[in-house]
Amino acid sequence: MRIRTLTGAVAAVFLLYGPVVGGKAVAVRTADTTAPAGETRVLTYDTSGAGEFASAVDRGAAVWNDSVDGVELRPVTSGERADIRIVVDDGWPRTLPSSMGSGTVHFGRQAVDAGHSIVRIAAHELGHVLGLPDRKPGPCSSLMSGASAGPSCTVARPNAAEQAQVEKNFDGALAGLVM
């Protein structure tokens, strides 16, 4: 993952300082997010509304970053618009995707009160933004089985099939930058 961080830093430099058109540095955003295979699409998330679950969301994002290469989840930086917004409420956790890689995650306290793992909840809900459906009922070994695996299940890592589907969903995707 260190290479990804270095690559991100280099991309940020190009975004800020290049390419040069007519003597001015420009960066062009396009709606087309496809890129050559092997590129990583960066999705940003905003935990400013996640309350006491912000660190669990960070850990859930880290699970995905350690599990797949086609997409990377990063906290939003000041002044940047997030792809994924995290909010906390008293209901059941749920995700409202707006498109592949964007949407709103409602981190509901009801599942936490029922004893479910907060990191598993975060990783599961982020899985929906990454294009994965619920797999209920399902075994604990399936992250997307969600609450159907029971509150004793703390497995927060996607299984091989879930990882492969996310890789397929983001195959060749780039964060919409054209240099």
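Treat the numbers as computed from the prediction; the structure is a model and nothing was measured.

Trainee: Just checking my understanding: could you explain the overall build of the chain for this structure?
Mentor: Looking only at helices and strands, one finds 5 helices and 9 strands in the chain. Starting at the N terminus and ending at the C terminus, the chain contains elements arranged as α-β-β-β-β-α-β-β-β-β-α-α-α-β. Burial status across the chain gives 39% buried among its 179 residues. For the chain, the exposed surface amounts to about 9400 Å²; the carbon and sulfur share of it is 57%.

Trainee: Could you clarify how one ought to interpret the state of the cysteines in this entry?
Mentor: Every disulfide links exactly two cysteines, by a covalent bond between their sulfur atoms. In this structure the tally under the stated criterion is 1 disulfide. Residue Cys140 pairs covalently with Cys153 via a disulfide, S to S 2.0 Å. The sign of the 85 degrees torsion about the S-S bond sets the Cys140-Cys153 disulfide as right-handed. Residue Cys140 is located in the loop between helix H4 (118–129) and helix H5 (160–169), and its partner Cys153 is located in the loop between H4 and H5; the two are separated by 13 residues in the primary sequence.

Trainee: Can you help me understand the sheet that holds strand S8 (residues 102–108) in this one?
Mentor: Judged by pairing direction, the sheet is mixed, and its 5 strands sit side by side in the order S5-S4-S6-S8-S7 without closing on themselves. The open sheet has two free edges, formed respectively by strand S5 (71–75) and strand S7 (94–99), since each of these has just one partner strand. Within the sheet, the average angular offset between the axes of one strand and its neighbour, ignoring direction, is 20 degrees. Relative to S5, strand S4 (residues 41–49) runs parallel, the two being bridged by 5 bridges. Paired with Tyr45 across the two strands is Pro75, which belongs to S5. Each of S5, strand S6 (84–89), S7 and S8 touches H4; the most contacted strand, S8, lies at about 155 degrees to it.

Trainee: Would you take a moment to explain the pattern of salt bridges for this structure?
Mentor: Opposite charge on two side chains allows them to pair when their charged atoms are near. Tallied over the entire structure, the rule returns 5 salt bridges. Linking Arg157 and Asp66 is a salt bridge whose minimum nitrogen-to-oxygen distance equals 4.0 Å. Taken as a pair, Arg157 in the loop between H4 and H5 and Asp66 in helix H2 (residues 54–67) lie far apart in primary sequence, 91 residues in all. The closest approach of N and O atoms between Glu72 and Arg74, which form a salt bridge, is 3.4 Å. Residue classification places Arg74 among the partly exposed residues on the basis of a relative accessible area of 28%. Residues joined in a network through salt bridges with shared partners are Glu52, Asp90 and Arg109.

Trainee: Help me understand the nonpolar core in this model?
Mentor: As a rule of thumb, soluble globular proteins bury nonpolar side chains together. Counting residues in hydrophobic clusters, the biggest one holds 27 residues, and the most contacted among them are Trp64, Leu73, Ile84, Leu130 and Val166. Sorting the residues of this core by element identifies S4, H2, S5, S6, S8 and H4 as the ones contributing at least two each. If one sorts the elements of this core by residue count, H4 sits on top with 5 residues. Once you skip the residues sitting within four places of it in the chain, Val166 turns out to touch Trp64, Val68, Val71, Leu130 and Leu132.

Trainee: I tried to follow H2 on my own but got confused; where do I start?
Mentor: Helical geometry note: an α-helix holds 3.6 residues per turn, so side chains three or four residues apart project in the same direction. For H2, spanning 14 residues, the distance from its first C-alpha to its last is 20 Å, which sits close to the expected 20 Å at 1.5 Å a residue. Buried residues of H2: Ala54, Ala56, Val57, Gly60, Ala61, Val63, Trp64, Asn65 and Ser67, and no others.

Trainee: Looking at this model, I keep getting lost on the side chain of Ser67. Mind explaining?
Mentor: Secondary-structure assignment places Ser67 in helix H2. According to the relative accessible area criterion, Ser67 is buried, its value standing at 14%. For Ser67, the residues in contact, after removing those within four places along its chain, are Arg157, Pro158, Gln163 and Glu167.

Trainee: Please clarify how unusual backbone geometry should be interpreted in this entry.
Mentor: Negative phi characterises most residues that are not glycine, and trans characterises most peptide bonds. With an omega of -10 degrees, the peptide bond running from Lys136 to Pro137 counts as cis. Here Pro137 is to be found in the loop between H4 and H5.

Quick notes on the rules
- Residues numbered from 1 in each chain as written.
- Predicted model: local features only at pLDDT ≥ 70, side-chain atom pairs only at ≥ 80, totals over all residues.
- Heavy atoms only, no water.
- Helix = DSSP H or I, 4+ residues; strand = E, 2+ residues; numbered from the N terminus.
- Buried < 20%, exposed > 50% of the residue type's maximum accessible area, 1.4 Å probe, protein only.
- Areas by Shrake-Rupley, 256 points an atom, 1.4 Å probe, with all protein chains shown as cover.
- Disulfide = S-S within 2.5 Å.
- Pairing = 2+ DSSP bridges.
- Axes fitted to C-alpha atoms, helices over the stretch in contact; angles between N-to-C directions.
- Contact = heavy atoms within 4.5 Å.
- Salt bridge = Lys/Arg side-chain N within 4 Å of Asp/Glu carboxyl O.
- Core = buried A, V, L, I, M, F, W, Y, C linked by side-chain atoms within 4.5 Å.
- Expected span 1.5 Å × (residues − 1).

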